[in-house]
Each structure stands twice: as structure tokens, then as C-alpha cells.
Amino acid sequence: FLGKAEYSFDNKYYVSASFCRDGSSRLSPYSRGGNFFSAGSSWRISKEKFMEGTSRWLNNLSFKASYGTTGNDNVSSFYAYQGTYSSTDADAITVNMYTTPGLTVNTIATPNLKWEKNQQFNTGFDFSILSSRFNGSIEYFSRKAKDLLYYKELPLSSTTGNATGYNTNLGDIRNSGTEVTINAIPIQTKQFTWNIDYNMTFLKNKITYLPEGEYSYTGSFAKYKMIEGKSRYEIVGPRY
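This section reports on the structure supplied with the text. Model, not experiment: these values are computed from the prediction.

## Here we look at the pattern of salt bridges
Stage number 1. What the rule picks out here adds up to nine salt bridges.
Stage number 2. Each of the salt bridges in this network shares a partner with another, and the network as a whole consists of Asp-10, Lys-12 and Glu-48.

Right under this line is the structure:
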């Protein structure tokens, strides 16, 4: 189910809202349905009467804010919460022309697996000046992933068959920061146009909740450890 509504008044005030209900067969039947929504608004400050004196050089100045949730079911397979097996003789021992039959574990069952919910808040200003020759935006954002979907590695002593880990909702993590975007057209003629685009982002990553405690894993270049209150990318290694 998907629904959306928008409303604008006097070319100055805008509001919008949406609602979505999704279901995913990758997740447990007990938590298969997910409800997600968003709400946003903006205010064109440059259209107000007290801004009339700036109309010669200010084309637009808007304030905006929004909050919403989205769902993620992107896990390793279509049967992520179920235990799966395969019958194979690839690793069988051949004795007197016979092979040893059996089942191999491919996926460890995780019946409590549920949606990862991303909660995002944005606010900031959009501006345009000098006949739109100079425009951009300044925004603050905060995105929290709740019940982060993750394939968690198991110690070698705990593995069996082809399963080296299991799908789980690892915990909560937040990315927040500020983003500045600027576009300028210093030269514009019939034969030549020069555009300058500039973007800068300050980003902070923080793990806010780990119900199963600290967790170490191997990345592409180093060994990492997840710790509450720290970044996801805390490198673990000897000092030298």
C-alpha cells in the first residue's frame, strides 16, 4: 500500500506526507509487514512582504525540513530467516566405490529477523541570487539505521557446513552531518558558459546500540571492532 498527499498555499507554504506498508517474504512471518512514513514542509521566505526590498538580487530563499522512515530487507538471500540445506557429495569420502551421503547447512535459521528501519531527518536552506547565477543549499542531516541488517561472522569453531555466519539485526547506527552545495555561473554568453559546482560534506558515524555487545570483523584492509559510542570503522591492531 502506498499513499501520498501534497498541499501548497499562496506559493509560499508547502507540506507533504506519505505512508507506505510493505511486506517481504525474506523476513519472518511474525515481522514481515512494515509501516513507513514521511512528512515534510518548506517556506519560501523570499515571498514574504518583509523581504520585498531584496527582490532585485535575491531570487529565492527557502527553509525546509523533513522526517521520514524507510525499510530495508536487503539481505543475502530470498530465504534469509530460514534454515537452508543442500545434499552434496562434493566433500564426501569415497570408500570402496561408495560415497557418504548427508545434508550440509547453507544458512542458519534466524526466525526473529525483521525489517531494518532507516529514520532520516533533514533541515536547511535553499537560496538563489543574481538572476539565479549563484545558487545552492546548506543542510543538516541525521540518518539512523535501527535494527541494522547484517551478516554476522561466527568463530571458526562455531561454523558448520557452508554457513560461516548468520543474518541478524545487529543494532543501531547513526550518520549525521552537514552538507553544503553551491552552483555558480561566472560567465554566460551565447557562445560560452562556465559552470562551477561545489559540494562539501561533514559526516560523523556512531554506533548507538549493540544488544549482543562488541563485535570484531575483518574488512577489506584491516580488522575492525564495533563498539557502542564509537564509529563503525574502529581499526583494531597493534601500535608500532
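## Topic: the environment of Leu-2
Stage number 1. Relative to the helices and strands, Leu-2 is located in strand S1 (residues 2-9).
Stage number 2. It is 4.5 Å that separates the C-alpha atoms of Leu-2 and Cys-20, two residues lying 18 residues apart in sequence.
Stage number 3. Leave out the neighbours within four places in its chain, and Leu-2 touches Phe-19 and Cys-20.

## Considering the side chain of Ser-142
Stage number 1. By secondary structure assignment, the location of Ser-142 is in strand S8 (residues 134-146).
Stage number 2. Exposure remark for Ser-142: the relative accessible area of 15% places this residue in the buried category.
Stage number 3. Sequence-distant contacts of Ser-142, defined by excluding residues within four places in its chain, comprise Gln-119, Gln-120, Phe-121, Arg-174, Asn-175 and Ser-176.

## Some words on a nonpolar patch on the surface
Stage number 1. Together, Tyr-7, Phe-9, Tyr-13, Val-15, Trp-43, Phe-50, Phe-63 and Phe-125 give the surface a local cluster of nonpolar side chains, amounting to about 810 Å² of exposed area.
Stage number 2. For the nonpolar patch, the secondary structure elements donating two or more residues are S1 and strand S2 (13-23).
Stage number 3. Along the chain, the position of Phe-63 falls in strand S4 (residues 58-72).
Stage number 4. Of the residues examined, Phe-63 reaches a relative accessible area of 31% and is grouped as partly exposed.

## Thoughts on the pairing of S4
Stage number 1. Bridging between strand S3 (residues 33-44) and S4 involves seven bridges; their strand directions are antiparallel. Among the inter-strand pairings, Ser-38 is bridged to a residue of S4, identified as Gly-68.
Stage number 2. Across 14 bridges, the pairing between S4 and strand S7 (residues 116-129) is antiparallel. What sits directly across from Leu-61, in S7, is Phe-127.

## Topic: the sheet that holds S8
Backbone-to-backbone hydrogen bonds pair the strands of a sheet. The strands run either parallel or antiparallel.
Stage number 1. Reading across from one edge, S1-S2-S3-S4-S7-S8-S11-S12 is the order of the eight strands in this open sheet, with antiparallel pairing throughout. Each edge of the open sheet carries a strand with a single partner, namely S1 and strand S12 (193-209). With direction set aside, neighbouring strand axes in the sheet form an average angle of 10°.

## As for the packing of aromatic side chains
Within a pair of aromatic rings, the relevant descriptors are the distance that separates the centres and the angle that separates the planes.
Stage number 1. Using the criterion set out here, one finds 11 aromatic pairs in the structure.
Stage number 2. Linked through ring pairs, Tyr-150, Tyr-215, Tyr-217, Tyr-224 and Tyr-233 together constitute an aromatic cluster.

## Observations concerning the environment of Ala-5
Stage number 1. With respect to the helices and strands, Ala-5 occurs in strand S1.
Stage number 2. Overall, the relative accessible area of 46% leaves Ala-5 in the partly exposed class.
Stage number 3. Linking Ala-5 and Tyr-140, residues 135 residues apart in sequence, is a C-alpha distance of 25 Å.

Rules and cut-offs
Residues numbered from 1 in each chain as written. Predicted model: local features only at pLDDT ≥ 70, side-chain atom pairs only at ≥ 80, totals over all residues. Heavy atoms only, no water. Salt bridge = Lys/Arg side-chain N within 4 Å of Asp/Glu carboxyl O. Helix = DSSP H or I, 4+ residues; strand = E, 2+ residues; numbered from the N terminus. Contact = heavy atoms within 4.5 Å. Buried < 20%, exposed > 50% of the residue type's maximum accessible area, 1.4 Å probe, protein only. Patch = residues over 30% accessible without salt bridge, like charges linked within 9 Å, V, L, I, M, F, W, Y side chains within 5 Å. Areas by Shrake-Rupley, 256 points an atom, 1.4 Å probe, with all protein chains shown as cover. Pairing = 2+ DSSP bridges. Axes fitted to C-alpha atoms, helices over the stretch in contact; angles between N-to-C directions. Phe/Tyr/Trp six-rings, centres within 6.5 Å; stacked < 30°, edge-to-face > 60°.

As far as function goes, none of this settles anything; it's purely spatial.
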